[in-house]
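Survey of secondary and tertiary structure
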Amino acid sequence: MQKSTAHTRDWIATARTLSEALPYLQRYDGATIVIKLGGHAMGSEEAMADFARDVVLMKQCNVHPVIVHGGGPMINEMLKRLEIKSEFVEGKRVSDAATVEVVEMVLSGRINKRIVQAINAAGGKAVGLSGKDANLMICEKDLASVLRDGEVVSVDLGFVGKPVEMHPEVLRTFLSSDFIPVVAPVATGRAGETFNVNGDTAAGAIAAALKADRLLLLTDVSGVKNAAGDLLTNLTADQVRQLTEQGVISGGMIPKTQTALDALDGGVRAVVILDGRAPHAVLLELFTAHGAGTLIKG
């Protein structure tokens, strides 16, 4: 009897959770949500399956997800197997012709199709794309600025690109259908080159082009923290700039917050730097009062 009562309480709690989600479901009805997938959420088959179920649930609730993914560890693995040396400057992979060929193979092939397969297995209809499809992303060469001998100099990163022209029509076609687009951050240059694009940068550019309601950047930290190490759950763009100037935001968090600022400038309503290690982080952020990271607004 006690076991039966406990079981009933579990179902009542589930029903209560669903009921409490109603205002959030109404809030995001018809909304476009761009999700940068990376880190822990891609680290195991179980985590990938959970993410895929959450994305399919979003689509079923008339929320329109666009998935943009990275894949650094898998690229590293393949480059090592092929005995191609790879180095990083300011967190960006220097990509010569041989490296960018491997990058495209891994991102547009192995990783992209793994995500597509997971979403399809969860009952969704995913379609794999890259920034090359329908000229979604046109890029120019990206240069890194580094401090050498007291002077800031530009370093050529090879075939690393920054989006300068966006054509999101192909994504809008999918958003008005049952399909879920999954985009690999590989793009074309004006002269037909292939460019490797940072996943966060690509997600921010796509979110801005779509004027998305939310850009969710999944990462392996809890979010932006203050000088005492406490999580900051809500920030304005001005506060982000101030924390960066003070050195509170530093290291690997700077590219993510800069992506957030660029996306907000491009018309995205809000950006969330999200703890992808939390179970069902995307659903927590969108459909509950709890949240799972740092919300940044203009």
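So, here's what we can say about the structure. All of these numbers come straight from a predicted model, not from anything done at the bench.

On to helix H9 (residues 253–265). Look at H9: 18 Å from first C-alpha to last across 13 residues, which is about the 18 Å you get at 1.5 Å a residue. Restricting attention to buried positions, one finds in H9 the residues Met-253, Lys-256, Thr-257, Thr-259, Ala-260, Leu-261, Ala-263 and Leu-264. Summarising the contacts, the buried residues of H9 are in contact with helix H7 (199–210), strand E11 (214–219), helix H8 (237–245), strand E13 (270–275) and strand E14 (293–297). Directly after H9, the chain includes Gly-267, whose backbone phi takes a positive value near 115°.

So, about the sheet that holds E13. Taken in spatial order, the eight strands make up an open sheet running E5-E8-E2-E1-E11-E13-E14-E12, and their pairing is mixed. Strands at the two margins of the open sheet, each flanked by one partner only, are strand E5 (126–130) and strand E12 (234–236). With strand direction ignored, the average angle separating the axes of adjacent strands in the sheet is 20°. Pairing of strand E1 (residues 32–37) with strand E2 (residues 64–69) involves six bridges; the strand directions are parallel. Along E2, the bridge assignment pairs Ile-35 with Ile-67. Packing against the sheet, H9 makes contact with E11, E13 and E14, and its axis sits at approximately 155° to E13.

Another point: the packing of H7 against H9. How two helices sit against one another is set out by the angle between their axes and by the gap between those axes. At their nearest, the axes of H7 and H9 sit 9 Å apart, and the two run at 15° to each other. What the angle tells us is that H7 and H9 run roughly parallel. In the packing of H7 onto H9, the handedness of the crossing is right-handed. Packed against H7, whose contacting residues are Asp-200, Thr-201, Gly-204 and Ala-208, the element H9 presents Lys-256, Thr-259 and Ala-263 at the interface. A class-by-class count of the residues in the contact of H7 with H9 yields two nonpolar, three polar and two charged.

Calculation criteria
- Residues numbered from 1 in each chain as written.
- Predicted model: local features only at pLDDT ≥ 70, side-chain atom pairs only at ≥ 80, totals over all residues.
- Heavy atoms only, no water.
- Helix = DSSP H or I, 4+ residues; strand = E, 2+ residues; numbered from the N terminus.
- Expected span 1.5 Å × (residues − 1).
- Buried < 20%, exposed > 50% of the residue type's maximum accessible area, 1.4 Å probe, protein only.
- Contact = heavy atoms within 4.5 Å.
- Pairing = 2+ DSSP bridges.
- Axes fitted to C-alpha atoms, helices over the stretch in contact; angles between N-to-C directions.
- Parallel < 35°, antiparallel > 145°, perpendicular 65-115°, else oblique.
- Left-handed = near helix turned anticlockwise from the far one by under 90°.
- Nonpolar A, V, L, I, M, F, W, Y, C, P; charged D, E, K, R; others polar.

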